[in-house]
Amino acid sequence: MTGQWKKENTRKRSMKVVNISSSADLSVVFGVVCSLFEGQMPKWFISHAWAEPVSEVVQCVARHGQLRDLCETDAWWVCAYANNQHELGKDLSHDPRSSSFFRAMSLCEGLLLILDQQATPFRRIWCCFEQAVALTCKREKRMLLDIATCQKDSAILITDGVTKSDLVEKAKTMYRNTRGYEDSVKAHREAHFPIPLILEALTVIDIKNASASQAIDKVRILNTICKAESLEGDPPATSEFYN
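Summarised in this report is the structure supplied together with it. On a predicted model such as this, the values are computed, not experimentally measured, just so you know.

We now examine the overall build of the protein chain. A tally of regular secondary structure across the protein chain gives 11 helices and five strands. Across the 243 residues that make up the protein chain, the buried fraction comes to 43%. Relative to all contacts within the protein chain whose residues are 6 or more apart in sequence, the contacts with residues 24 or more apart total 70%. Carbon and sulfur atoms make up 55% of the accessible area of the protein chain, which amounts to about 14000 Å² in all.

Notably, Lys152 is not glycine yet its phi reads approximately 55°, a positive angle. Relative to the helices and strands, Lys152 resides in the loop between β4 (144-151) and β5 (154-158). Residue classification places Lys152 among the exposed positions, given a relative accessible area of 80%.

It is the rolling of a water-molecule-sized probe over the atoms that shows where space remains empty. By volume, the second largest pocket is sized at about 830 Å³. Taken together, 31 residues make up the lining of the second largest pocket; nearest its centre are Gln131, Ala132, Val133, Leu135 and Thr136. Put simply, the parts of the chain that give the lining of the second largest pocket at least two residues each are α7 (125-136), β4, α10 (195-204) and α11 (215-225). Here the lining of the second largest pocket takes seven residues from α7, the largest share from any one element. When the residues that make up the lining of the second largest pocket are grouped by side-chain class, the tally is 23 nonpolar, four polar and four charged.

Okay, the pairing of β5 next. Pairing of β4 with β5 involves five bridges; the strand directions are antiparallel. Considered in β5, the bridge of Thr149 is made with Ile156. Between β4 and β5, which pair antiparallel in sequence order, lie two residues; one of them, Lys152, sits at a positive phi of approximately 55°.

All right, on to the sheet that holds β4 then. Taken together, the five strands give an open sheet; going across it, the order is β2-β1-β3-β4-β5, and neighbouring strands pair in mixed fashion. The open sheet terminates on both sides in strands that have one partner only, identified here as β2 (75-77) and β5. In this sheet, adjacent strand axes meet at a mean angle of 30° when their direction is disregarded. Pairing between strand β3 (residues 110-114) and β4: five bridges, direction parallel. Bridging across to β4, Leu112 finds its partner in Asp146. Its contacts with the sheet place helix α4 (residues 54-67) against β1 (42-47), β2, β3, β4 and β5, and it is angled at close to 55° to β5. Most of the contacts of helix α6 (residues 100-107) go to β1, to which it runs at about 135°, and overall it touches β1, β2 and β3.

Turning to its location among the elements, Leu145 is positioned in strand β4. Residues Leu145 and Thr159, 14 residues apart in the sequence, show an inter-C-alpha distance of 7.0 Å. Leave out the neighbours within four places in its chain, and Leu145 touches Leu111, Leu113, Leu135, Thr159 and Asp160.

Time to look at helix α8 (residues 164-171). Regarding α8, the residues found buried are Ser165, Asp166 and Lys170. Looking straight down α8, one finds its buried side chains confined to an arc of 140°; they lie on one side. Structurally, α8 contributes buried residues whose contacts are with α4 and α9 (181-190).

According to the stated counting rule, one finds 12 salt bridges in the structure shown. For the salt bridge of Glu200 with Arg123, the shortest nitrogen-to-oxygen distance reads 2.8 Å. Of this pair, Glu200 sits in helix α10 while Arg123 sits in the loop between β3 and α7, and the two are 77 residues apart along the sequence. Judged by relative accessible area, which is 27%, Glu200 ranks as partly exposed. For Lys186, the salt bridge identified is with Glu190, shortest N-O distance 2.8 Å. Residue Lys186 and its partner Glu190 are located together in helix α9, separated by four residues, close to a single helical turn. The residues Lys186 and Glu190 share a single accessibility class, namely buried.

Calculation criteria
Residues numbered from 1 in each chain as written. Predicted model: local features only at pLDDT ≥ 70, side-chain atom pairs only at ≥ 80, totals over all residues. Heavy atoms only, no water. Helix = DSSP H or I, 4+ residues; strand = E, 2+ residues; numbered from the N terminus. Buried < 20%, exposed > 50% of the residue type's maximum accessible area, 1.4 Å probe, protein only. Contact = heavy atoms within 4.5 Å. Areas by Shrake-Rupley, 256 points an atom, 1.4 Å probe, with all protein chains shown as cover. 1 Å grid on protein atoms, 1.4 Å probe; cavity = no way out; pocket = protein on both sides within 12 Å on 5 of 7 lines; lining within 4 Å. Points joined across faces, edges and corners; volume = space filled by probe spheres on them. Nonpolar A, V, L, I, M, F, W, Y, C, P; charged D, E, K, R; others polar. Pairing = 2+ DSSP bridges. Axes fitted to C-alpha atoms, helices over the stretch in contact; angles between N-to-C directions. Arc of directions from axis to C-beta. Salt bridge = Lys/Arg side-chain N within 4 Å of Asp/Glu carboxyl O.

As structure tokens, this is what we get:
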């Protein structure tokens, strides 16, 4: 991976892809992509703030795939690449629950939250909405929530429960027959997650004061989270759903 890709964040890189495709017939471009991956459904939804280098996103996804024992045909849904950036407004509807983000999450078994060193996703309203959906959405099988970051060119994850990789590692130890030892394997793996980042996340989490590119998005998202009757009115100053 070149040095430029290591430095550029997802927003800059996706804008370059958009600019390149601007001169092409988008119907042809998307037709080719869709024909290559016909019938492919996302298995995991990636929530991030577009602030981290592309290389770190790739590392986090690769490590996540290893831990979750995913195969090369399994897909992660990423806004920068899944949505048509030329017509993004079409994917952001009046009701956040009708947006492409929500529809994609309804297809996924879990959400992978990727944090930069400033824990920016906890400051962005759409990321907060995605996290709220993962934690509160009622469905037959609850949605998993994994958290990833990169430190010294290495991806580190906190996973929602024990992974197949943890079970494999347990089988390699003298405690392979000890019930529950997989939890110790998981704890040891997650011990490398940077404590300062956890403290930063706990400090900045405040959905009521999260930022949004469009003010109306924040109004509608907060009202959605609070289960307000109207999405257009002023959101309540306080709510149990903000916690």
